[in-house]
Structures are given as structure tokens and as C-alpha cells.
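Descriptive structure summary
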Amino acid sequence: MKYCKKIIVMAGAGISTPSGIPDFRTPGSGLYDNLKKYNVPYAEAIFDIDYFTYNPRPFFALAKELYPGKYKPNIIHYFVRLLHEKGLLLRCYTQNIDGLERMAGIPSEKVVEAHGTFSTASCHLCYTSFPPKEARDCIMNGKSPRCKVCYGVVKPDIVFFGEDLPKQFSSFSTDFPKADLLIVMGTSLKIEPFANIVNAVRPNVPRLLINRDLVGPFKNEPLKSTDVAELGELCEVTRKFVSALNWQTDMDEVIKSQKL
Ligand code: CNA
């Protein structure tokens, strides 16, 4: 870390499981094993744009759970914030839609929410913007928000399977070649095109995976000499890093400054 000044973080649902938000694929606790109550014919249907057009209710039931407000950032989000405070964070690319990076105080220009956000909403048919608070109120009250132009169903701007990623995502092509360290954490690296940008750093740049299991290129045998995998619980590994870097006091201050 001492020699790295342009760190990119690629994050997934695993950084938010310690905050109480289930990920997709962890057997037992992951969303894919717990979708019965949403009554969907197959797991991915809940984030499938064609299925949403046919029946938006399962997604809205899940959205009620996931809307930011209920959950708080944890030490992992604050670790990314600390990288920023120390002038080391080039960008955090997250697949998460929980807004916990924002809540941890990482400035919006430092975060690319590659799979969208609940903070804006639009019609899923004509893409006209819709007041996000009104969308939230409707969904929380069990109603479907409707577009004021075409009466199509409005959804928070979460990227579904079959939809394009936000424009911001394309900045990876200029960010990644500048990075001098890539940290990949809490993701199965199963969803494209996000998963693939792990290969967009220069070939000699170290890549560090912090996760319960090996994923993506970290599964290769032999492992590339510049790739390192630190397997385990993210909170524990993060604490270990904070201590090894002697950042405990700074970490305490960052958490204290973000009164939630
Ligand atoms: P995933 O496919 O569920 O993978 C999560 C990965 O994190 C797995 O490899 C787990 O083993 C690992 N993991 C989970 N918890 C921990 C932990 N405490 N310590 C260490 N490793 C852990 O999720 P991905 O993010 O790869 O999949 C991308 C999807 C998930 C995106 O489209 C998201 O929108 C979607 N998602 C987001 C959230 C959220 O915003 N919090 C929640 C659920 C799903």
C-alpha cells in the first residue's frame, strides 16, 4: 500500500453482507436461495427486465427491503473511504445497489455504481425521469409508480439483466490503465461486463482478491505472479489490514465523523 497511490476497488455484494444485506450466491443466506416469498419462476427473474414488464411486483417487494435507509455501512466501506481520505483511491467500482458507499462518505465522483442506484428513477419503457422520492413512497406503500408521460411502470434506476450499464461505467477504460493496485472484494465475478474489467489493469499491476472463495482469474493455476488472494471473512481481513497499516486511529476517526 506504501507504494500504491492509484488504487481501484472492485466491489460486490459480499462487502455488504456484514451490514445484514444478503448477497446473491452464498448458499443458504443468499437471495437466490430465498426467493420463494417473492414468487418468481426462476431466480434471475427478479432482476430481468422482460419479467419486470410482465410482472413488476416481485421486484417491488424486494426493493422495499433494499431501499437505502435500513442498513448501515461497515468497516469494509469505511476502509474504502479511508483509502480516499489518504489520497490513494482512484475509484471504487461497485456492483452494489445499497448506497452504502455513499453513506460511508465516499464522494460520488469516486464511486461508479455500475449496476445503478435507488437514488434516481425512470420509466422502464420511455426512460423519462421520475421523482425518486415519489417512486419510493409508491413502492413502500405497495403501489407501482407510473410514468407521467406514457403511463409505463417506473422503476428505480437499478440495472436489470438485459439493460445497458450507466454511462459512468465506461470510465473504466481510462481509469484502469492508470491504476497501480486493484483490490477485488466480495464478488463472485460472475456478471458481465463488470467481471471482465478485472483484466483492464496493466499486466504488471498487482491484483488483490479479498473474498471467501477464489473467483475469476484468481482461480487460475498457476496464479499470475502479480495476483494475490486473501481468503476469509472480509471484516476480519480488513481489520487485519488496518492494523498492519497502522491505520486504526484514522479508521476510528472516519467512522466517528460519519454520524449515522
Ligand atoms: P454474489 O454473486 O452473491 O457474490 C458475492 C461474493 O462475495 C461471493 O463470492 C461470496 O463468497 C463473497 N462473500 C459474501 N459475503 C462475504 C464476506 N462476509 N466475506 C468475504 N466474502 C464474502 O454477488 P456479486 O456482487 O458478485 O454479484 C453481482 C450482483 C449482486 C450485482 O448485480 C448486485 O446488484 C447484486 N446484489 C447487490 C446487493 C447489494 O447492493 N448489497 C445485494 C445482493 C445482490
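Bear in mind the structure is a predicted one, so any value in this text is a computation, not a measurement. (Residues numbered from 1 in each chain as written. Predicted model: local features only at pLDDT ≥ 70, side-chain atom pairs only at ≥ 80, totals over all residues. Heavy atoms only, no water.)

Strand order in the open sheet formed by 3 strands is β5-β4-β6, with antiparallel pairing between adjacent strands. Each of the sheet's edge strands pairs with one partner strand only, and the pair in question is β5 (129-130) and β6 (154-158). Relative to β5, strand β4 (residues 116-123) is paired through 2 bridges, and the arrangement is antiparallel. Looking at β5, one finds that Ala-121 is bridged to Phe-130. Where helix α2 (residues 57-66) meets the sheet, it contacts β4 and β6, and its direction lies at approximately 55 degrees from that of β6. Contacting β4, β5 and β6, helix α5 (residues 132-140) crosses the sheet at an angle of about 90 degrees to β4. (Pairing = 2+ DSSP bridges. Helix = DSSP H or I, 4+ residues; strand = E, 2+ residues; numbered from the N terminus. Contact = heavy atoms within 4.5 Å. Axes fitted to C-alpha atoms, helices over the stretch in contact; angles between N-to-C directions.)

Our next topic: the sheet that holds strand β3 (residues 111-113). The parallel open sheet is built from 6 strands, whose spatial order is β3-β2-β1-β7-β8-β9. Each end of this open sheet is capped by a strand with a single partner; those strands are β3 and β9 (227-231). Between one strand axis and the next, the sheet turns through 15 degrees on average, direction left out of account. In this structure, strand β2 (residues 89-94) lies alongside β3, joined through 3 bridges in parallel fashion. The partner of Tyr-93 across the bridge, within β3, is Val-112. Most of the contacts of helix α3 (residues 75-85) go to β2, to which it runs at about 150 degrees, and overall it touches β1 (7-11), β2 and β7 (181-185). On the sheet, helix α7 (residues 234-244) packs against β7, β8 (207-211) and β9 and is oriented at approximately 130 degrees with respect to β8.

Once that is clear, we can look at the side chain of His-77. Within the secondary structure, His-77 sits in helix α3. Look at His-77 and you get buried, because its relative accessible area is 1%. Those residues in contact with His-77 that lie beyond four places of it in its chain are Ile-15, Ser-16, Ser-19, Leu-100, Glu-101, Ala-104 and Ile-106. (Buried < 20%, exposed > 50% of the residue type's maximum accessible area, 1.4 Å probe, protein only.)

Attention shifts here to the UniProt feature "active site" (unreviewed entry) in the protein chain. Under the local residue numbering, the UniProt record ascribes the feature "active site" (unreviewed entry) to His-115. Among the structural elements, His-115 can be located in the loop between β3 and β4. Judged by relative accessible area, His-115 falls into the buried class, the value being 12%. When neighbours within four sequence positions are excluded, His-115 is seen to be in contact with Thr-94, Gln-95, Ile-97, Asp-157, Ile-158, Val-159, Leu-165, Ile-191 and Phe-194. (UniProt positions renumbered as here; feature names shortened; annotations may be inferred.)

Considered as a void within the structure, the largest pocket measures approximately 930 Å³ in volume. As for the largest pocket, its lining consists of 46 residues, of which Gly-12, Ala-13, Asp-23, Phe-24 and Arg-25 are closest to the centre. Split into classes, the residues belonging to the lining of the largest pocket amount to 21 nonpolar, 15 polar and 10 charged. Empty space within the second largest pocket amounts to approximately 370 Å³. Residue lining of the second largest pocket: 20 residues in total, with Gly-116, Asp-157, Val-159, Asp-164 and Pro-166 positioned closest to the centre. Listed by contribution, the elements that provide at least two residues to the lining of the second largest pocket are β3, β4 and β6. Here the element with the most residues in the lining of the second largest pocket is β4; it accounts for 4 residues. Residue composition of the lining of the second largest pocket, grouped by class: 7 nonpolar, 6 polar and 7 charged. (1 Å grid on protein atoms, 1.4 Å probe; cavity = no way out; pocket = protein on both sides within 12 Å on 5 of 7 lines; lining within 4 Å. Points joined across faces, edges and corners; volume = space filled by probe spheres on them. Nonpolar A, V, L, I, M, F, W, Y, C, P; charged D, E, K, R; others polar.)

Attention now goes to the state of the cysteines. Across all of its chains, the model carries 0 disulfides by this definition. Here Cys-123 stays unpaired: no disulfide links it, and the sulfur of Cys-150, its closest cysteine neighbor, is 3.5 Å away. Overall, Cys-123 belongs to the buried group, its relative accessible area being 0%. For the unlinked cysteine Cys-138, the closest cysteine sulfur is that of Cys-147, found at 12 Å. (Disulfide = S-S within 2.5 Å.)

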